[in-house]
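# Fold and geometry: a report
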Amino acid sequence: MRFSKSVLNYLDSRTYNSLSYSTKKTYKYNLNRISNTKVYGTPMATKMLKRIDFDVCNELYDTWEFEGSTSNANHLARVFSVLMNYYVDREVILRNPMRRVKKRTSEPRSVIWKHEQVMLFLDVAFTNFDWRNIGLIVLMCYEWSQRPVDIRNLTFNNINWKDRFVTIKQTKRGATVELPITDELYPMLEQQFQDWGFQDYVVPHHRASDGAYRPLTVLQMTTLLKEVKATAGLPDDLQVGDLRKTGIVQMIEGQVDHLAIQSVTGHKNVSSLNPYNKFSLKTATNALERRQRE
């Protein structure tokens, strides 16, 4: 039985339907997110339930944490375990492999990159061919304020070369956004297409086991990120996932209209941007200067 089928069977079960309305809604939403999570280049939905082992679960957890937060990873791991335990109870599988994954303590992240740090990272990354893909991922996450999961899974089919824009369907929110490709980024993507256009992914990894081309794994991204940060002398706590927040905060501080920001971020409600609003000196100065001009 494939994972997608196991989810459907669970959602049709008496156990699931005995839950409260809000719990059912939460479980259904997050099981869909789990199904869409890619592990080693393939969605969880396609994997056989009995072949999901510790390594797959560990990669799942690392992916959720890297592309969201520790809190996000812990929450999805709990929902995943609900499904696994359901099938353990019914003796479909012997054990829940997620139980062996070491969970980390959730701490709210408040880290954002400075523009100078991003530029330094890119300067170093683009000096070494082995670092070019992580450099492109960081650049695109920063330019477009998108999550790394949507950037590392980006394909050349998402790019409109004639009109110079990219179409991204966001994994978490399901929103589809169209974003311009800047004059600085465009030639880099052209070069990437010349080098890698024989396969689908914009930032690929050649998998030695079967010769297939897949998106960079979370572990590969983390390793490359650490190498470049160490070479550039950048703080160790900077993460690729912080670049979306960085871009949003910069747009807010630059007094970009909130509806315009939503067209970039995919947020459905203006109130969803509230966590990114900071009571900073720059924001206060901009507000007071604008009041005086008006």
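Each remark here, short or long, concerns the structure printed above.
Here is a short report on the structure shown in this document. Bear in mind that the values here come from a model prediction, so they are computed numbers and not experimental data. (Residues numbered from 1 in each chain as written. Predicted model: local features only at pLDDT ≥ 70, side-chain atom pairs only at ≥ 80, totals over all residues. Heavy atoms only, no water.)

Before going further, it helps to examine the sheet that holds strand 5 (residues 176-180). One open sheet accounts for three strands, arranged 3-4-5; its pairing is antiparallel. Each edge of the open sheet is held by one strand with a lone partner, namely strand 3 (159-160) and strand 5. Of the pairings in the sheet, the one linking strand 4 (residues 165-169) to strand 5 comprises five bridges and is antiparallel in character. Bridge pairing links I168 to V177 in strand 5. (Pairing = 2+ DSSP bridges. Helix = DSSP H or I, 4+ residues; strand = E, 2+ residues; numbered from the N terminus.)

Our next topic: the nonpolar core. The tendency in soluble globular proteins is for nonpolar side chains to be buried as a group. One finds F121, M140, W144 and V240 to be the most contacted residues of the largest nonpolar core, which totals 52 residues. Among the secondary structure elements, those contributing two or more residues to this core are helix 6 (115-125), helix 7 (132-144), strand 4, strand 5, helix 9 (185-196), helix 10 (218-232), helix 11 (242-253) and helix 12 (258-265). With nine residues, the single largest contributor to this core is helix 7. Ignoring anything within four residues of it in the chain, the contact list for F121 reads W113, I134, G135, V138, L225, V228, K229 and L234. By size, the runner-up hydrophobic cluster in this structure holds 29 residues, among which are V7, L60, A73 and L76. (Core = buried A, V, L, I, M, F, W, Y, C linked by side-chain atoms within 4.5 Å. Buried < 20%, exposed > 50% of the residue type's maximum accessible area, 1.4 Å probe, protein only. Contact = heavy atoms within 4.5 Å.)

Turning to the environment of R244, a few remarks are in order. Inspection of the secondary structure puts R244 in helix 11. R244 gets classed as buried once you look at its relative accessible area, which sits at 4%. Residues R244 and V138, spaced 106 residues apart in sequence, show a C-alpha to C-alpha distance of 10.0 Å. Discounting chain neighbours no more than four positions away, the residues touching R244 are S145, Q146, R147, Q170, R173, T265, H267 and Y276.

What follows is about helix 4 (residues 54-67). Because an α-helix completes one turn every 3.6 residues, residues spaced three or four positions apart along the sequence face the same direction. Here helix 4 is 14 residues long and its end C-alpha atoms lie 20 Å apart, about the 20 Å a rise of 1.5 Å per residue gives. Burial analysis of helix 4 places 10 of its 14 residues in the buried class, the great majority of the element. Where helix 4 is concerned, the buried positions are V56, C57, E59, L60, Y61, T63, W64, E65, F66 and E67. Its side-chain oxygen 3.3 Å from the backbone nitrogen of D55, D53 forms the N-cap of helix 4. (Expected span 1.5 Å × (residues − 1). Polar contact = N/O pair within 3.5 Å; in protein donor to acceptor, adjacent residues only side chain to side chain.)

What follows is about the pairing of strand 5. Covered by surrounding structure in strand 5 are V177 and L179 only, the residues T176, E178 and P180 on the alternate face being uncovered. What sits between the antiparallel neighbours strand 4 and strand 5 is a turn of six residues, in which G174 has the positive phi angle 75°.

A few words on the packing of aromatic side chains. What describes a pair of aromatic rings is the distance from one ring centre to the other and the angle between the planes of the rings. All chains considered together, the criterion is met by 11 aromatic pairs. Relative to F80, the ring of F3 lies with its centre 6.0 Å away and its plane at 15°, an arrangement referred to as stacked. With F3 in helix 1 (residues 3-11) and F80 in helix 5 (residues 70-89), this residue pair connects regions lying 77 residues apart in the sequence. Summarising the burial analysis for this pair, F3 and F80 share the class buried. (Phe/Tyr/Trp six-rings, centres within 6.5 Å; stacked < 30°, edge-to-face > 60°.)

Along the chain, the position of T155 falls in the loop between helix 8 (148-152) and strand 3. The exposure class of T155 is buried, given its relative accessible area of 18%. Those residues in contact with T155 that lie beyond four places of it in its chain are D200, Y201 and V202.

To continue, consider the pairing of strand 4. Residues of strand 4 alternate between two faces, with V166 and I168 buried on one and F165, T167 and K169 left unburied on the opposite face. Inspection of the sheet shows strand 3 paired to strand 4 by two bridges, in the antiparallel sense. Its bridge partner being in strand 4, I159 is matched across the sheet by V166. Once strand 3 ends, the chain turns through four residues before running back antiparallel as strand 4, passing R164 with a positive phi of about 55°.

Further remarks concern unusual backbone geometry. At Y40, a residue that is not glycine, the phi angle is positive and equals roughly 55°. With respect to the helices and strands, Y40 occurs in the loop between strand 1 (38-39) and strand 2 (42-43). Notably, S145 is not glycine yet its phi reads approximately 55°, a positive angle. Among the structural elements, S145 can be located in the loop between helix 7 and helix 8. Residue classification places S145 among the buried positions, given a relative accessible area of 3%.

Across all of its chains, the model carries five salt bridges by this definition. For the salt bridge of D183 with R164, the shortest nitrogen-to-oxygen distance reads 3.6 Å. Taken together, the positions of D183 in the loop between strand 5 and helix 9 and R164 in the loop between strand 3 and strand 4 put the pair 19 residues apart, joining distant regions of the chain. Judged by relative accessible area, which is 59%, D183 ranks as exposed. Given a relative accessible area of 36%, R164 falls into the partly exposed group. (Salt bridge = Lys/Arg side-chain N within 4 Å of Asp/Glu carboxyl O.)

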